[in-house]
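Structure assessment
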Amino acid sequence: MEDTLVFMDEGFLDKLSKHIGNTNRIKFDKAKFAENIAKKQNFSLKHLFYYTAPPFQSAKPTENEMKRKKGYDSFIGALNKNKIITVREGRCQRIINGDGKMEYNQKGVDTLMTIDLSHIKDDFAKINKIILISSDTDFCPIIRDIKERWSIEVILYSYFDRRRNSKFSVSNELINCCSKYIQLTKQDFESASLNKK
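Notes on the structure follow. (Residues numbered from 1 in each chain as written. Predicted model: local features only at pLDDT ≥ 70, side-chain atom pairs only at ≥ 80, totals over all residues. Heavy atoms only, no water.)

Section: the side chain of Lys 30
Here Lys 30 shows up in helix 2 (residues 30-40). Judged by relative accessible area, Lys 30 falls into the buried class, the value being 8%. Each residue touching Lys 30, except ones within four places of it in the same chain, is listed here: Met 8, Glu 10, Leu 48, Tyr 50, Phe 75 and Leu 79. (Helix = DSSP H or I, 4+ residues; strand = E, 2+ residues; numbered from the N terminus. Buried < 20%, exposed > 50% of the residue type's maximum accessible area, 1.4 Å probe, protein only. Contact = heavy atoms within 4.5 Å.)

Considering the packing of helix 4 (residues 109-118) against helix 6 (residues 140-150)
Here helix 4 crosses helix 6 at 5°, and the two axes come no closer than 10 Å. Judged by the angle between their axes, helix 4 and helix 6 are roughly parallel. Seen from helix 4, the contacting residues are Thr 114, Leu 117 and Ser 118; seen from helix 6, they are Ile 142, Ile 146 and Trp 150. Its residues assigned to classes, the contact of helix 4 with helix 6 shows 4 nonpolar, 2 polar and no charged. (Axes fitted to C-alpha atoms, helices over the stretch in contact; angles between N-to-C directions. Parallel < 35°, antiparallel > 145°, perpendicular 65-115°, else oblique. Nonpolar A, V, L, I, M, F, W, Y, C, P; charged D, E, K, R; others polar.)

Comments concerning the pattern of salt bridges
Taken as a whole, this structure holds 10 salt bridges when the rule is applied. Note that Glu 173 is salt-bridged to Arg 144, the shortest N-O span being 3.3 Å. Note that Glu 173 is positioned in helix 7 (residues 172-177) and Arg 144 in helix 6, a separation of 29 residues in sequence. We classify Arg 144 as partly exposed; its relative accessible area is 34%. (Salt bridge = Lys/Arg side-chain N within 4 Å of Asp/Glu carboxyl O.)

What about the environment of Glu 148?
In this structure, Glu 148 sits in helix 6. Measuring from C-alpha to C-alpha, the distance between Glu 148 and Gln 106 comes to 29 Å, with 42 residues separating the pair along the chain.

Examining a nonpolar patch on the surface
A grouping of Ile 96, Met 102 and Tyr 104 is seen on the molecular surface, where their side chains present a nonpolar patch of about 320 Å² in accessible area. Along the polypeptide, Ile 96 turns up in strand 4 (residues 91-96). (Patch = residues over 30% accessible without salt bridge, like charges linked within 9 Å, V, L, I, M, F, W, Y side chains within 5 Å. Areas by Shrake-Rupley, 256 points an atom, 1.4 Å probe, with all protein chains shown as cover.)

Considerations on the sheet that holds strand 1 (residues 2-9)
Reading across the sheet, the 6 strands line up as 3-2-1-6-7-8 and stay open at both edges, with parallel pairing between neighbours. The outermost strands of the open sheet, each flanked by one partner alone, are strand 3 (85-89) and strand 8 (180-183). Taken pair by pair, the neighbouring strands of this sheet meet at an average axis angle of 20°, ignoring direction. Where strand 7 (residues 153-158) meets strand 8, 4 bridges bridge the pair, whose relative direction is parallel. Of the residues in strand 8, the one forming a bridge with Ile 155 is Lys 180. The sheet strands contacting helix 3 (residues 63-80) are strand 2 (43-52) and strand 3, and the helix crosses strand 3 at an angle near 145°. The strands touched by helix 4 within the sheet are strand 1, strand 2, strand 3 and strand 6 (129-133), with strand 2 carrying the most contacts at an inclination of about 145°. (Pairing = 2+ DSSP bridges.)

Read these as layout, nothing more, since geometry by itself doesn't imply function.
Below, the structure is given as structure tokens:
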């Protein structure tokens, strides 16, 4: 089987697992998820690039914030032990929206993924096809660039629904700039579910 790289946007997958799981996040093995997605395309997973951000920490972290950070550090530590995974971390921004509610957004993650995509041939000279798991149109320029520069095929795994004002609306621009589009399903998550221990 031909080798591939998988670029995984955890912020997108986290929201999607909660949506598909009917507000309960589906806990799944990231490497297994990537391997399964690759196998569906008759590829072998060469490397997984995993993009995330640590949970928000106040200047004086609350007990809950410290607990979340401890859990996150343990999880990232486990991922870092797997040699086929590269973890890239942005940061978490907290803002207060117009309703006075707290919102948390990942920052810098897209830039990190764009940098890695631009270095594909330097680090993985034999790779000709990659899988992108995201819904962000900001990746269109780099996708077009690597397709034109190196003739790399970009296969998009994403999710959209047809409901008005949905947070899962994938732009036609993103779909059209990729070589192929596949919609993620609940089965994709469940086939890589973590065993409860």
